[in-house]
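Coordinates in review
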Amino acid sequence: MSETAKEITPSQTVGPYFAYGLTPNGKYDWNDAFSNNLVTSDTSGERIRVEGRVFDGDGAPVLDCMLEIWQADAQGRFSDPQDKRALPNSSFRGFGRVGSDGNGGYAFDTIKPGVVPDPDGKPQAPHLVLAVFARGMLLHLYTRIYFDGEAANAADPVLALVPSDRRATLIATRKPGTGNAVYCLDIRLQGDNETVFFEV
Amino acid sequence: MTLNYPISSLTAHPPRLSPAYKSTVKRTPSKPLIIMRHTLSELTGPVYGHETVRENDNDLTLQCKGEPLGERIIVHGHVLDEDGRGVPNTLVELWQANACGRYIHVVDQHPAPLDPNFTGAGRTQSDAEGYYKFVTIKPGAYPWGNHHNAWRPAHIHFSVFGHSFISRLVTQMYFPGDPLFPFDPIFNSVTDEKARNRMISSFDLENTQPEWALAYRFNIVLRGRNATPMETK
Ligand SMILES: [Fe+3]
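Just so it is clear, the model here is predicted, and its values are computed rather than measured.

Below, the discussion takes up the overall build of chain B. When helices and strands are tallied, chain B shows two helices and twelve strands. Going from the N terminus to the C terminus, chain B shows its helices and strands as β-α-β-β-β-β-β-β-β-β-α-β-β-β. For chain B, the spread of C-alpha atoms along the principal axes amounts to about 55 × 40 × 35 Å. Split into buried and exposed, the 233 residues of chain B put 58% on the buried side. When contacts within chain B are restricted to residue pairs at least 6 apart in sequence, those whose partners lie at least 24 apart make up 72%. Summed over all atoms, the accessible surface of chain B reaches about 9,900 Å², with 57% contributed by carbon and sulfur. Counting 23 positive and 23 negative side-chain charges, chain B places the averaged centre of each group 10 Å from the other.

See below:
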């Protein structure tokens, strides 16, 4: 490589027309590289669904956004060689992608992630990292999805950075019912109950 | 090796609220983002490669029964990090309008013809040096409803994964000398001229194929300065 150090390439919006390339999902004649179902037959852990809707500053559903999640497996390990603790034989990839539907809705079928340490080695509560891309967003937004009823939430170092009156925007609530747990979290890009987003 | 990512690198990006691009007004958080330390959740990322890419996924002129219409081009370059190191084996996805400026998308109602032999989507994996290459058709400009007589400069959308979930980048590649540059709020949302110019590919005569296709070079530079090993015990 003869390249010298450079500044990064600026971000641009994903625009309104990404579906053909990134989330064809059977609607377009192009093969999906990714889906919103992260579970493979040999994935261990508690199967869950995480679902919700995405709203803009007017409270209107966002029909053209793309959501991506990244998460640890049930043992708290990432499917990335940078995580030296990774399970060598796990087929769980930990990455999901979905485009919002005609109601601004999204859903991921996955497993409840395990505990991941923070840089000091202290445990973080189970969480998903979520990236939100859309027309009208020149740079995607990062947030996290935590789970209601986790005792570990109280000591989570990232939740602790969030003013207590806004923490609920990061915590998915469990729907009543039997069978696999369904957790709900709406994403509000702006306005009342605006979701907490992180600068990472 | 896990990299540390200073957030100062993010100043290259456009401000989220760029009112000339009207859709940003209701889709930008009104409260400041919360700065946090990067944990393993941010510093790791999905690894996808050759098993995700099929034959001809990087040649958009070979995906259909016939040849697409328009000007055949080669788009190639390196995926790099901020220190100029190639980013190896990373997935690069691309989507674009056809030569007439039309996307295969139900919402795109621009009265320009669709091309039955052009999908507008491709993907590839960078090699061990971070090099990638696509063969495609030069996209046309297209109108959009942002303001009176608004036209997007010709562009190709790129999506790149990189080393970690926070090096993820979605951007657009432009073509040199486009007369629409001064009028496009998305291109000009990047206020720094040098940064803006990094989104413009360069004409590449050396790799232009005689009697076949012009080449354009587009390097994509991701976050990743200050590489320091991180303890992941
Ligand atoms: Fe476009």
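Turning our eyes to something else, we now look at the coordination of the iron ion. Residues and elements named next belong to chain B. Looking at the iron ion, one finds its protein donor set to be Tyr103 (OH), Tyr142 (OH), His155 (NE2) and His157 (NE2), positioned 1.9 to 2.2 Å from the metal centre. Ordering the donors of the iron ion by residue number gives the pattern Y-x38-Y-x12-H-x1-H. Highlighted residues: Tyr103 in the loop between strand E3 (91-96) and strand E4 (121-125) and Tyr142 in strand E6 (residues 142-143), separated in sequence by 39 residues.

It is worth spelling out the packing of aromatic side chains at this point. Here a ring pair, both rings aromatic, is described through the centre-centre distance and the interplanar angle of the planes. Enumeration over the complete set of coordinates arrives at 25 aromatic pairs over all chains. Each ring, one from Phe34 of chain A and one from Tyr48 of chain B, has its centre 4.7 Å from the other, and the planes form 80 degrees; the classification is edge-to-face. Pair noted here: Phe34 of chain A is in the loop between helix H1 (19-22) and strand E1 (47-55) and Tyr48 of chain B is in the loop between helix H1 (40-43) and strand E2 (72-81), and the two residues belong to different chains. The pair Phe34 of chain A / Tyr48 of chain B is uniform in exposure class, with both members buried. Between the aromatic rings of Phe134 of chain B and Phe158 of chain B, the centroid separation amounts to 6.2 Å while the plane-to-plane angle is 75 degrees, which identifies the pairing as edge-to-face. With Phe134 of chain B in strand E5 (residues 131-137) and Phe158 of chain B in strand E8 (residues 155-160), this pair connects stretches of sequence that are 24 residues apart. For Phe134 of chain B, a relative accessible area of 0% puts it in the buried group.

Attention now goes to the environment of Asn117 of chain B. Residues and elements named next belong to chain B. Locating Asn117 in the fold gives a position in the loop between E3 and E4. In contact with Asn117, other than residues within four places in its own chain, are Leu60, Cys64, Lys65, Gly66, Glu67 and Pro68. Only 3.0 Å separates the side chain of Asn117 from the backbone nitrogen of Gly66, close enough to count as a polar contact.

Let us look at the state of the cysteines. Summed over all chains, the structure comprises zero disulfides over all chains. A disulfide-free cysteine, Cys184 of chain A has its sulfur positioned 16 Å from the sulfur of Cys65 of chain A, the nearest such atom. Here Cys100 of chain B is not disulfide-linked; the sulfur of Cys64 of chain B is the nearest cysteine sulfur, at 14 Å.

Below, the discussion takes up the side chain of Ser126 of chain B. Residues and elements named next belong to chain B. Along the polypeptide, Ser126 turns up in the loop between E4 and E5. At a separation of 2.8 Å, a polar atom in the side chain of Ser126 contacts the main-chain carbonyl oxygen of Val87. In this structure the side chain of Ser126 is engaged in a polar contact, spanning 2.9 Å, whose partner is the backbone nitrogen of Thr90.

What counts, and at which threshold
- Residues numbered from 1 in each chain as written.
- Chains lettered and ligands numbered in written order.
- Predicted model: local features only at pLDDT ≥ 70, side-chain atom pairs only at ≥ 80, totals over all residues.
- Heavy atoms only, no water.
- Helix = DSSP H or I, 4+ residues; strand = E, 2+ residues; numbered from the N terminus.
- Buried < 20%, exposed > 50% of the residue type's maximum accessible area, 1.4 Å probe, protein only.
- Contact = heavy atoms within 4.5 Å.
- Areas by Shrake-Rupley, 256 points an atom, 1.4 Å probe, with all protein chains shown as cover.
- Lys, Arg positive; Asp, Glu negative; His and termini not counted.
- Charge placed at Lys NZ, Arg CZ, Asp CG, Glu CD.
- Donors = N, O, S within 2.8 Å, 3.2 Å for Na, K, Ca; no water.
- Phe/Tyr/Trp six-rings, centres within 6.5 Å; stacked < 30°, edge-to-face > 60°.
- Polar contact = N/O pair within 3.5 Å; in protein donor to acceptor, adjacent residues only side chain to side chain.
- Disulfide = S-S within 2.5 Å.

Such coordinate-based values are descriptive only and should not be taken to indicate function.
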